[in-house]
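# Observations on chain architecture
Given next are the chains, with one letter for each unit.
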Amino acid sequence: MQKIAVIGAGTMGNGIAHVFAQNGYAVHLIDVSPTALEKALATIGKNLDRQIAKETITEADKKNTLDRLKTFSDLAAGVKDMELVVEAATENIDLKLKIFRELDQHTGADVILATNTSSISITKIAAVTKKPGKVIGMHFMNPVPVMKLVEIINGYATEKAVSEQIKQLTVKLGKVPCVVNDYPGFIANRILMPMINEAIYSLYEGVAGVEEIDTVMKLGMAHPMGPLQLADFIGLDVCLSILQVLYDGFGNQKYAPCPLLVNMVTAGYLGVKSGEGFYKHTPGSKDLIVSERFR
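Reference entry: report on the structure contained in this document. (Residues numbered from 1 in each chain as written. Predicted model: local features only at pLDDT ≥ 70, side-chain atom pairs only at ≥ 80, totals over all residues. Heavy atoms only, no water.)

### A short note on the sheet that holds strand β7 (residues 149-154)
Strand order in the open sheet formed by eight strands is β3-β2-β1-β4-β5-β6-β7-β8, and the pairing between neighbours is mixed. The open sheet has two edge strands, β3 (69-72) and β8 (176-181), and neither has a second partner. Each adjacent strand pair in this sheet contributes to an overall mean axis angle of 25 degrees, direction not counted. Relative to β7, strand β6 (residues 135-140) is paired through five bridges, and the arrangement is antiparallel. By the bridge assignment for β7, Ile-136 is matched with Asn-154. Packing of helix α5 (residues 93-106) onto the sheet brings it into contact with β1 (3-7), β4 (84-87), β5 (112-115) and β6, and relative to β5 it is tilted by some 170 degrees. (Pairing = 2+ DSSP bridges. Helix = DSSP H or I, 4+ residues; strand = E, 2+ residues; numbered from the N terminus. Axes fitted to C-alpha atoms, helices over the stretch in contact; angles between N-to-C directions. Contact = heavy atoms within 4.5 Å.)

Below is the structure:
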């Protein structure tokens, strides 16, 4: 397996394309937006420059990585003759089902179709294809070039050989694979999102402030980032979407999203991506400043 297509040129897609290309794979990066593709290549270039500054790669490594990347706006052309397709589009079930229906038409019977979804059912995605045994979850963590974990999710029909092949591929990328089964939230988000939701409830109920909640978890539980800061980083809209998947999937009240989270998303306060969530985020600044709404 040497030829990889990645669908979606956003944060996750360009990170996945970066990692594959840096490890010697020929990569087709696909997005309907030419502007998004240009931005993705620029981001990959900047991230490679950071690696050069840290002396983990050379200028020649950067050139070789970028030479392995080709961009496409047309899905059919982009996936032609590829051996693995990794879908990393927006976390929207209708969009993902649409993409996998198209992939089913434009890829051969032996091509593995992976999705980077963090919560949507692999089994449901696979069911819209004629080869559900070749469909699997490949949940990379953000930022992809840095984070070691890849959560590999077997759908109900995923073939064991496919799972093993993706596991071995993950190791070749220098990542650590963890294989789990397809139930709401998988493992990463089934554990993480209730913690974030409980942190938001603690703020909502006046138990403690933003800084206090995050400091307790950083210093007391050895978390590198507090749950509210992490929620901002992930995107509060994404957190809400995953909690809704958990709540719908299990029907358990403990997964019900906090009303404060719902209000913040409705109002457009999404965290880093919008410039404000629990913290105020200024481009280029690493200062952690609590939003005025929570002071």
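### Some details on the packing of helix α9 (residues 210-221) against helix α10 (residues 227-234)
As a packed pair, α9 and α10 sit with axes 7 Å apart at the nearest point and diverge in direction by 100 degrees. The orientation of α9 relative to α10 falls into the category roughly perpendicular. Here α9 contributes Val-210, Ile-213, Asp-214, Met-217 and Lys-218 to the contact with α10, which in turn contributes Pro-227, Leu-228 and Gln-229. Looking at side-chain class alone, the contact of α9 with α10 contains five nonpolar, one polar and two charged residues. (Parallel < 35°, antiparallel > 145°, perpendicular 65-115°, else oblique. Nonpolar A, V, L, I, M, F, W, Y, C, P; charged D, E, K, R; others polar.)

### Some remarks on the pairing of β8
As paired elements, β7 and β8 share six bridges and run parallel to each other. The residue of β8 that forms the bridge with Glu-151 is Cys-178. The parallel pair β7 and β8, bridged by helix α7 (residues 160-172), forms a crossover whose chirality is right-handed. (Right-handed = clockwise from strand over helix to strand, strands pointing away.)

### A word on the packing of aromatic side chains
The full count for this structure, using the stated rule, is four aromatic pairs. An angle of 70 degrees between the planes, with centres 6.2 Å apart, marks the rings of Tyr-201 and Tyr-204 as edge-to-face. One end of the pair is Tyr-201 and the other is Tyr-204, both in helix α8 (residues 188-204) and three residues apart, which spans about a single turn. Between Phe-278 and Phe-294, the aromatic rings sit 5.6 Å apart at their centres with planes inclined by 35 degrees, giving tilted as the arrangement. Within this pair, whereas Phe-278 is found in the loop between α12 (259-267) and β9 (279-280), its partner Phe-294 is found in the segment after β10 (289-290), the two being separated by 16 residues in sequence. What makes Phe-278 buried here is its relative accessible area of 0%. (Phe/Tyr/Trp six-rings, centres within 6.5 Å; stacked < 30°, edge-to-face > 60°. Buried < 20%, exposed > 50% of the residue type's maximum accessible area, 1.4 Å probe, protein only.)

### Side note on the side chain of Lys-175
Along the chain, Lys-175 turns up in the loop between α7 and β8. We note that Lys-175 is buried and unpaired, the nearest opposite charge coming from Glu-151 at a distance of 14 Å. Discounting residues that sit within four places of it in the chain, Lys-175 has contacts with Val-19, Val-144, Pro-145, Val-146, Met-147, Lys-148, Val-150 and Thr-170. (Lys, Arg positive; Asp, Glu negative; His and termini not counted. Salt bridge = Lys/Arg side-chain N within 4 Å of Asp/Glu carboxyl O.)

### What about the layout of surface pockets?
By volume, the second largest pocket amounts to about 250 Å³. Along its surface, the second largest pocket is lined by 17 residues, and Ile-93, Ser-119, Ile-120, Ser-121 and Val-245 are the ones closest to its centre. Listing elements by their share of the lining of the second largest pocket, those giving two or more residues are α5 and α11 (236-250). Looking at the lining of the second largest pocket element by element, the count peaks at five residues for α11. Class assignment for the residues of the lining of the second largest pocket results in six nonpolar, six polar and five charged. (1 Å grid on protein atoms, 1.4 Å probe; cavity = no way out; pocket = protein on both sides within 12 Å on 5 of 7 lines; lining within 4 Å. Points joined across faces, edges and corners; volume = space filled by probe spheres on them.)

Purely geometric numbers; function is a separate question.
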